[in-house]
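Breakdown of the fold
Residue-level listing of the chains:
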Amino acid sequence: MTMSKVLTDLINKVYSYNTLSIIGLEKNTGKTTTLNFLIKALKNRTLGITSIGMDGEDKDTIYGTNKPKIYIDKGTLVASAKTSLLLSDVTFEILEVLDINTPLGSIIIAKSVSPGFAEISGASTKNGTKKVICAMEKYGANLTLVDGALSRKTFADPLITDASILCIGAAFSENINTLVNETLKLICFYSLPEAEDKTKELYKNNMEQARLLFVYKNKIIKSKAKTSLGSSKEIISNFSYDLRYVFIKGAITNSLFIDILNSHFNVSTVVFIIEDGTKLFLDMDSYSRFLDKGGQFQCLKKINIIGISVNPKSISGYFLDYKAIESRLKSSINIPVFNVLNQH
Amino acid sequence: MIDLDKKSLEKIGFFNILDSMCISTVFGHSLIYNLKQITDINTLSTEYDNIEKCITKVRNDKFYNNFTDLLGRFRDIRNTFIKCSLGEVLDEVELYEIKNFTLLSMELKQIYENSNLLLTGITLFDLSAVYKKLNPHKSETNSFYIYNDYSQFLIKVRSKKASIDKLLFKEKDLNKQNELLRERASMINEEKSEEFKIRKMLSSEILKYTEKLLDFTSNIGKLDILFSKAKLAIDYDMCRPIARSKNTIRMKNGVHPIIKNEVTKRGGIFYPISIEVSLGSSVITGANMGGKTVILSVIALNCILASLGFFSFAKTFEFFPFDFIYFLYEDSSSPQTGLSSFGSEIVQVKKALEKLKYENGILLIDEFARGTNPEEGSNLTKALVSYLNKFSSVSVLTTHYDGVCTLAKKHYQVKGLKNIDFTALKTSYTSDENYLKIINNLMDYTLEKMDKDAVVPRDALNICSLIGIDSEIIKIAEKMYTGRQKNEKQTES
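Reading guide: rules and limits
- Residues numbered from 1 in each chain as written.
- Chains lettered and ligands numbered in written order.
- Predicted model: local features only at pLDDT ≥ 70, side-chain atom pairs only at ≥ 80, totals over all residues.
- Domains from an automatic or database assignment.
- Helix = DSSP H or I, 4+ residues; strand = E, 2+ residues; numbered from the N terminus.
- Expected span 1.5 Å × (residues − 1).
- Buried ≥ 20, exposed ≤ 12 C-beta atoms within 10 Å, placed from the backbone.
- Arc of directions from axis to C-beta.
- Contact = placed C-beta atoms within 7 Å.
- Nonpolar A, V, L, I, M, F, W, Y, C, P; charged D, E, K, R; others polar.
- Pairing = 2+ DSSP bridges.
- Axes fitted to C-alpha atoms, helices over the stretch in contact; angles between N-to-C directions.

1. A closer look at the domain arrangement of chain B
The assigned domain composition of chain B is domain 1 (12-230), domain 2 (237-457) and domain 3 (459-493). For domain 1 of chain B versus domain 3 of chain B, the distance between C-alpha centres works out to 74 Å.

Given below as structure tokens:
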């Protein structure tokens, strides 16, 4: 197999991490194909493989298309729920049963004694996945790949892993414009700058229970709001020129922000601190207005996207123009882009 | 468990004690809340012997930590054992768990035997035969899969599958690839069915041991409980109880660890309680706030624990294996009955008296008939005390009523505020002081054995005056006191 320079560089970069997640914009954006490609390309590493939540079914339930399975080599560590694990055609040596329960049984740490197709469904929570990664490392895994399983709008995986590869494709949108814009928006949100350490510290110390906190020049007001949704009035009414930061925990929606943008709230004198880029659910128009008005988001943890894998084939069989997607993305961002279907 | 309602056990602080124990295993946890009362003196004695043996081991930090850590590593796979005993075929993960269990069991057995503990009632079966079945290799492992060693056929199928795998990834032609995939699929079917046969064979081998495996889990639980009883005994400096057939309770320096802890936290001192009561009724009198209820709680707690094979919270403790124990205290009646507090108290006493007629037990009653008018209350208490003397059960009552103690077999009194000079005290404190705290500090909680006809102390008035209730009330009350004393003298002469 010969790889392009872009991919060789990407693979080399992956070697510098201990954990990598594969996340997808939507179902059928080629996550498993990307994972299989990585498993094949990564040499001289004891791989650990798990997923967050349940793996996709054998066949896509709507379109009946065959979904690829994860093919692993001998000596690979996996963490998977018992039922899935026993359905694999790999011979697994059972190493440990973890105290993490899922609808498909406890999570098992196992090592493949033969190569073959594995079914992986991992823990469904962030903490569970952290434990799972630790357990695989205990048994010698030095590079753990986390499959983002079903697509979801709130990812937990990129926050647990050192780096992520984002899978996009025709399954998300058959309109190149929409696909590229959505991807750029995500990359933009994920790469929001991290707050200064002392601000992060203040956030961590005060936001254990709170959802909303106002930091002024010389005082702090903790909101009693149970959710940040629908708290635009409270945010607006707490504005003053002494307000330095607004700490928000949880999702930030478009409607919340439109209310703020349409009020006397001067966003240019305040920094909004959020957990991470996955919590932003703004459309690009509102976000541009926010930036134009001098607004600024900072986060606690930046999400490190090191590559974008494109699956130009839609489930209905329609092919998007990969070259067009690639050049549009490359003109805006400096992240390696590759076509997952060409990597066999 | 013990035949006493949950609310009373809570009041006594029994569950607090259980909760504070260092139980390491799920098997221990399922036993601790279902401990059986031991009514045989010899069985009690062997249980205390067991604890004594464990105590020496618990004092050895290294041994204790290793041992409890090992116990904690056993997973609860009783359901797998049961599944196996019903003839079901176990899967790889279940076989792995059994392998791990047996490996740990061998380790535990070895440590236990090396320790020379020789605890009565603990038998750790040798399960190495099960382990050997699941570990066909010579080298010791705790992981598991269906090893090639189990069948020649399996080796054949697996190597065939491996060669197809090699071809499959070299093959570029899609048709040929599909052909190979089909071939691979049939190999996998053969592999799986061979694996099933092996799992079936292993399951039926393990089936022979399921009883021993289950028995092992309950022995882990028993060991766990014994060690946590021993740990408790060390932590609280508990004593080995002495069980006798004679219906007597003799306690020297008994304490209630939970109450003691609270009192010490408040900055107070918990006075250990020494008391001896035997068949018939004994009465405890004493000042208000003198801790009479605590005394009953300590007696109840130690009796219950000792009968469940625990050591006692005391310097020495003697008791007898009782058939029942009743603890009647304020609020012990359930409000749902719709009876007044007096009414429900009587219902409770009636129940206890029924038992008393046929069985040997312990009856602890806190301030009987406090809810009715003092004259009737006093008469009723006197009647109850003399009635209780007829039975071989041990009854202890606390009361404020005069004249009750004369009818009891024994009379104890809380020293209370007896030796305090109140007039001097009153002037030396300002009214801003926290009088409750002063009273707590001055109160002598120790019990002293009194003559049957000793008078009930009159500390209530002193306490009122210390707390600073309106002095007019005190004056009127004092007049009544002296008036009554004069009357009494006149009738005497």
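2. Focus: helix α9 (residues 152-170) of chain B
Structural remark: α-helix, 3.6 residues per turn; residues separated by three or four positions point the same way. All names here are of chain B. The terminal C-alpha atoms of α9 lie 28 Å apart, and with 19 residues this matches the ideal 27 Å at 1.5 Å per residue to within 8%. Among the residues of α9, those classed as buried are L154, V157, R158 and K161. One side of α9 holds all its buried residues, which, seen down the axis, span an arc of 95 degrees. Among the exposed residues of α9, those oriented more than 90 degrees off its buried face are Q152, S163, K166 and K170. Against α10 (174-207) lie the buried residues of α9.

3. Concerning the interface of chain B and chain A
Across the boundary between the two partners, chain B contributes 13 residues, which contact 13 residues of chain A. Looking at the side of chain B that touches chain A, the elements that each hand over two or more residues are α7 (92-115) and α9 of chain B. For the side of chain B that touches chain A, the class distribution of residues is six nonpolar, one polar and six charged.

4. Side note on the domain arrangement of chain A
The figure often quoted for interface size is the accessible area lost as the parts come together. Residue and element names in this part refer to chain A. What the domain assignment lists for chain A is domain 1 (5-191 + 303-342) and domain 2 (197-301). For domain 1 versus domain 2, the distance between C-alpha centres works out to 32 Å. Listed per partner, the contact involves nine residues of domain 1 and six residues of domain 2. Per element, the largest residue contribution to the side of domain 1 that touches domain 2 is four residues, and it comes from helix α6 (residues 176-190). Looking at the side of domain 1 that touches domain 2 residue by residue, the classes come out as six nonpolar, two polar and one charged.

5. Considering the sheet that holds strand β2 (residues 248-254) of chain B
Residues and elements named next belong to chain B. Pairing is mixed across the open sheet formed by four strands, whose spatial order is β1-β5-β2-β3. The sheet terminates laterally at β1 (242-243) and β3 (273-278), the two strands that pair on one side only. In the sheet, β2 pairs with β3 via five bridges, with the strands oriented antiparallel. Paired with M251 across the strands is I275, a residue of β3. Against the sheet, helix α13 (residues 292-307) makes contact with β2, β3 and β5 (316-319), and its axis sits at roughly 110 degrees relative to β2, the strand it touches most.

6. A short note on unusual backbone geometry
Even without being a glycine, N44 of chain A presents a positive backbone phi close to 55 degrees. By the element assignment, N44 of chain A lies in the loop between α2 (31-41) and β2 (47-51). Although it is not a glycine, E367 of chain B adopts a positive phi angle of roughly 45 degrees. Along the chain, E367 of chain B turns up in the loop between β7 (361-366) and α15 (374-388).

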